[in-house]
2 protein chains.
Amino acid sequence: MISVEEHLGRILQAVRQLPPTESGLLEAQGCVLAEDVTASVQLPGFTNSAMDGYAVHAADLEGASEDDPVVLPVVADIAAGNTNALTLAPGQTMRIMTGAPLPQGADAVVPVELTDGGVAKVALHAAPAVGQHVREAGEDVRAGEVILRAGALLGPGQVALLAAAGTARVRVVPKPRVVVLSTGDELVEPGREPGFGQVVDSNSVMLVAAARAVGATPHRVGGVPDDARQLTEALEAQLQRADAIITTGGVSMGAFDTVKEVLSKVGTVQFDKVAMRPGMPQGFGVLGAAQVPVFTLPGNPVSALVSFHVFVAPALRAMAGRPEKAWPPGFVPATAAASWPSVEGKMEFTRVVLDGDRVRPAGGQGSHMLGALAAADALAVVPPEMARVEEGDELLCLPLLGTDAP
Amino acid sequence: MISVEEHLGRILQAVRQLPPTESGLLEAQGCVLAEDVTASVQLPGFTNSAMDGYAVHAADLEGASEDDPVVLPVVADIAAGNTNALTLAPGQTMRIMTGAPLPQGADAVVPVELTDGGVAKVALHAAPAVGQHVREAGEDVRAGEVILRAGALLGPGQVALLAAAGTARVRVVPKPRVVVLSTGDELVEPGREPGFGQVVDSNSVMLVAAARAVGATPHRVGGVPDDARQLTEALEAQLQRADAIITTGGVSMGAFDTVKEVLSKVGTVQFDKVAMRPGMPQGFGVLGAAQVPVFTLPGNPVSALVSFHVFVAPALRAMAGRPEKAWPPGFVPATAAASWPSVEGKMEFTRVVLDGDRVRPAGGQGSHMLGALAAADALAVVPPEMARVEEGDELLCLPLLGTDAP
């Protein structure tokens, strides 16, 4: 029996960040940059007005006030999108819109609210300081400056900055393509009624959802029978498209555990008992020339989802260039609001309901119990040395992926 | 000038939860259920083994121990997926795999680890209690039981439960289809080099990313010129597909603010100055027979993204059946790690970097400054009555969408 940390350590040592790909900005959302990006243009690209108002020579308005406005002729209108480089002579003004280029010679903008809004001539009721309501070219970003570093996660603000600074395609670490492959003669497709001895293949649907929730691109291969040849063929076919493969089922101590039977022979996949509950039988290794990581998760649904959170999600994050949340960052502290039994010598992942920073078991804790799993929003991590959780104990919790909406 | 709460209140009063649609389980991920779902089958569907081992009559093994095993004949192998209803006579045993149906008459399972693993006969080294390692039919979920309530968010565990309990299609509140429409003669497409007076249309890319990050399905319409007829046509065309429309630009005090010009005439869209910085000029209303909400955001990029977080995201959540995060839930408390000026009489949204629960400004706070926006991971909410934030002040922060990876 090996510890959870040992198994995870072996996985994280084996997985590699995926090679960078080039991508459009919106496709790159949620990915991290594979390299530093420099601005190819300055921002703002040209000196422009921060307000709708009038471009002026500040010196012309000395002493202007509410009661004693300065009146100047309006010699032009400058809209945003005006591409003519204009020049403002002293003693004149031009009406200017937010974002429109400041004319040469002008050094301040008087907001329209501080004027009579005139079109041919305008009464200006305030004396601006030099530079007031003016955005200087390059004051936000200088051309050639590094605007985002390798490893930066691309969200709305980041894609906006990239676009504005002249970058429409970026090199990013792609989202891992994950094949989820469920095995077992007992499986029937969701929507079909299971006969006696059969169960609906809910695991592959669940793991696809989980892979998506952690930012991967999943592909589902449901219900591969417990047959060595068919499983081998399915694995070989999927190796073509996969950055990682997750199987579920067929890894226990049984006589019909095909995943274990097939992958044990390959020699690069190792099967272990991990000191955890649920989720004890685990396998991990790499397959094929591309050394594609394969995670063989147990077939019990709760075991499978717990294993996904503890072992697969950290590996997929590392492959996507986001290794920082592996273990235990991402865990949140909480206080037990109830007492419950645990198992000594194994790390227990109790399915719990979070109420603020207090947690209580979500219901029945059997590894087949989907009812409690679906009611839970976190896993409380009960260390191997604890045989029981007492009310008031401090625990670390692992929030379940996809249970909190943005 | 109206308050932030007033403008948001008007928006939340006008938007409606979208009508339910039927959807497959994986398409429904991230949506909330529109109705209660009951189990059409019980879970487990049949009494089965929780372990790989041997099905027995517990009474046959009384007194069995490590030193004094009971040896029984093995009369059958029961794999998971075995669809025959078998019966176990007293004095016999059957080899059984995890999840396989327990034979009639058997009332316990001895795990293979507590046996010699025999095939024709087996030495059983433990005396199980009645019911040990047996999963009773229906112990997780009873047929007809409500398994998930209307309003439940569908994550991995929930779709697994739905699938297992016999539901492959569900009625959910769909993800809002959001059209993002940027306006302005000055805009050029991302990837094109802007000439003098032009800027890259980064806003529509940013708002599409933001809409996606809040769980909506966005569609981008970039760079509509400042022309009333073209804008009207674009709006009319997009009304066909949109559950909501977001425009950016053209709502200020200027002479060329086409969005304001066009939508003011419609009469159902109201333009206000909102006491906030950035983001003062705001418009909101409904368009067309379907009363599609339209949000007219300012054109300054920082103003647009702040407005999205403060006004649009809560509305999209409400439309998606997730109204609970509107205002201020979702905010996180933080302590100012620096002092910075604010503006009295307006709610200020300072772009800040979170370091644990301490925040400091991310850089230049101009409403055009994308550099600082892309460096920030939250907006610190500085109330209108504060003219300055002092180090140590407690503030509420609104995490920026899409800046934290799952």
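Residues numbered from 1 in each chain as written. Chains lettered and ligands numbered in written order. Predicted model: local features only at pLDDT ≥ 70, side-chain atom pairs only at ≥ 80, totals over all residues. Heavy atoms only, no water.

As annotated in an unreviewed UniProt entry, chain A is Molybdopterin molybdenumtransferase from Pedococcus cremeus. Under the UniProt heading Function (unreviewed entry), the entry covering chain A gives this text: "Catalyzes the insertion of molybdate into adenylated molybdopterin with the concomitant release of AMP." Among the UniProt annotations of chain A, the heading Catalytic activity (unreviewed entry) holds the following wording: "adenylyl-molybdopterin + molybdate = Mo-molybdopterin + AMP + H(+)". (UniProt positions renumbered as here; feature names shortened; annotations may be inferred.)

J.: Even after reading the chapter, I still don't get the pattern of salt bridges, so can you show me in this structure?
T.: Pairing between side chains becomes possible if they bear opposite charge and their charged atoms approach one another. Counted under the stated rule, the structure contains 27 salt bridges over all chains. Across the pair E390 of chain B and R388 of chain B runs a salt bridge whose closest N-O atoms are separated by 3.1 Å. Taking the relative accessible area as the measure of exposure, E390 of chain B reaches 37% and is therefore partly exposed. Note on R388 of chain B: relative accessible area 40%, which makes it partly exposed. Each of E189, D201 and R220 of chain A takes part in salt bridges that share partners, so that together they form one network. (Salt bridge = Lys/Arg side-chain N within 4 Å of Asp/Glu carboxyl O. Buried < 20%, exposed > 50% of the residue type's maximum accessible area, 1.4 Å probe, protein only.)

J.: When you look at the relation of the copies chain B and chain A in this model, what are you seeing that I'm missing?
T.: For the pair of chain copies, the relating transformation is a rotation about an axis with a translation along it. If you rotate chain B by 180° and push it 0.0 Å along the axis, it lands on chain A with an RMSD of 0.0 Å. The two molecules are tied by a two-fold rotation axis, judged by turn and shift. Every residue of chain B has its C-alpha some distance from the rotation axis, and the shortest such distance is that of P406 of chain B, at 5.4 Å. A symmetric contact is evident, with 100% of the interface residues of chain B recurring at the interface of chain A. (Least-squares fit on C-alpha atoms with pLDDT ≥ 70 in both. Contact = heavy atoms within 4.5 Å.)

J.: Just to check I follow, could you spell out helix α2 (residues 156-164) of chain A for this structure?
T.: Residues that lie three or four places apart on an α-helix share one face, since the helix turns once every 3.6 residues. Residue and element names in this part refer to chain A. Counting buried positions along α2 yields 9 of 9 residues, so the element is predominantly enclosed. Those residues of α2 lying buried are P156, G157, Q158, V159, A160, L161, L162, A163 and A164. Of the residues one or two after α2, G166 is the one with positive phi, at around 100°. (Helix = DSSP H or I, 4+ residues; strand = E, 2+ residues; numbered from the N terminus.)

J.: What exactly am I supposed to notice about the packing of helix α3 (residues 202-213) of chain B against helix α6 (residues 301-319) of chain B here?
T.: In a packed pair of helices, the relevant descriptors are the angle between the two axes and the axis-to-axis distance. Residues and elements named next belong to chain B. Contact geometry for α3 and α6: axes closest at 10 Å, N-to-C directions at 20°. Judged by the inter-axis angle, α3 sits roughly parallel to α6. The crossing of α3 and α6 is right-handed. Where α3 abuts α6, its residues N203, M206, L207, A210 and A211 lie against P301, A304, L305 and F308. (Axes fitted to C-alpha atoms, helices over the stretch in contact; angles between N-to-C directions. Parallel < 35°, antiparallel > 145°, perpendicular 65-115°, else oblique. Left-handed = near helix turned anticlockwise from the far one by under 90°.)

J.: Please explain unusual backbone geometry as it appears in this structure.
T.: Negative phi characterises most residues that are not glycine, and trans characterises most peptide bonds. Across the junction of L43 of chain A and P44 of chain A, the peptide omega takes the value -15°, indicating a cis bond. Among the structural elements, P44 of chain A can be located in the loop between β3 (37-38) and β4 (48-49). Geometrically, the link from R277 of chain B to P278 of chain B is a cis peptide bond, its omega value of -5° lying close to zero. Among the secondary structure elements, P278 of chain B is positioned in the loop between β19 (276-277) and β20 (281-287). For H133 of chain A, which is not glycine, the phi torsion reads 60° and is therefore positive. Along the chain, the position of H133 of chain A falls in the loop between β9 (121-124) and β10 (134-135). The backbone of Q291 of chain A sits at a positive phi, close to 50°, despite the residue not being glycine. Along the chain, the position of Q291 of chain A falls in the loop between β20 (281-287) and β21 (292-297). The exposed category is assigned to Q291 of chain A, whose relative accessible area is 51%.

J.: Where do I start with the domain arrangement of chain A in this structure?
T.: Where interface size is given, it is often the accessible area lost as the parts come together that is meant. Residues and elements named next belong to chain A. Taken domain by domain, chain A holds domain 1 (4-19 + 174-325), domain 2 (21-43 + 139-173), domain 3 (48-135) and domain 4 (332-399). Contact with domain 1, which involves 17 residues of that partner, is made by 17 residues of domain 4. Both sides together, the interface formed by domain 1 and domain 4 hides about 1400 Å², and carbon and sulfur atoms give 69% of it. The largest share of the area that domain 1 buries against domain 4 comes from R277, V302 and H309, three residues that together contribute 41% of it. Between the two partners, domain 1 and domain 4, sit 1 salt bridge. One salt bridge in this structure joins R277 and E348, with 2.8 Å as the shortest N-O distance. Counting every contact that joins domain 1 to domain 4 gives 6 residue pairs in polar contact (both at pLDDT 80 or more). Looking at the side of domain 1 that touches domain 4, the elements that each hand over two or more residues are α1 (4-14), α3 (202-213), β19 (276-277) and α6 (301-319). In terms of residue count, the dominant contributor to the side of domain 1 that touches domain 4 is α6 (7 residues). (Domains from an automatic or database assignment. Buried area = accessible area lost by both parts, 1.4 Å probe. Polar contact = N/O pair within 3.5 Å; in protein donor to acceptor, adjacent residues only side chain to side chain.)

J.: Looking at this structure, how should I read the interface of chain B and chain A?
T.: Of the residues lining the interface, 82 residues belong to chain B; the matching set on chain A comes to 82 residues. Around 6700 Å² of area is buried between chain B and chain A when both sides are counted, 66% of it from carbon and sulfur atoms. When residues of chain B are sorted by the area they lose upon contact with chain A, P156, F196 and P406 of chain B head the list and together hold 10% of the total. The tally of links from chain B across to chain A stands at 2 salt bridges. Of the charged contacts in the structure, one is a salt bridge between K273 of chain A and E113 of chain B, with a shortest N-O distance of 3.7 Å. Seen at the junction of chain B and chain A, the total is 22 residue pairs in polar contact (both at pLDDT 80 or more). Listing elements by their share of the side of chain B that touches chain A, those giving two or more residues are α2 (156-164), β15 (199-200), α3, α6 and α7 (370-375) of chain B. Class assignment for the residues of the side of chain B that touches chain A results in 43 nonpolar, 22 polar and 17 charged. (Nonpolar A, V, L, I, M, F, W, Y, C, P; charged D, E, K, R; others polar.)

J.: Would you explain the sheet that holds strand β1 (residues 21-24) of chain A in this entry?
T.: Two strands in a sheet stick together by hydrogen bonds in their backbones, pointing the same way (parallel) or opposite ways (antiparallel). Read across the sheet, 3 strands follow the order β1-β12-β2 (chain A) without closing on themselves; strand pairing throughout is antiparallel. Strands at the two margins of the open sheet, each flanked by one partner only, are β1 and β2 (32-33) of chain A. (Pairing = 2+ DSSP bridges.)

J.: How should the environment of M206 of chain B be read in this particular structure?
T.: Mapped onto the fold, M206 of chain B is located in helix α3. Sequence spacing of M206 of chain B and P293 of chain B is 87 residues, and the spatial spacing of their C-alpha atoms is 20 Å. Residue contacts for M206 of chain B: discarding those within four places in its chain leaves P156, V159 and A160 of chain A together with P301, A304, L305 and L373 of chain B.

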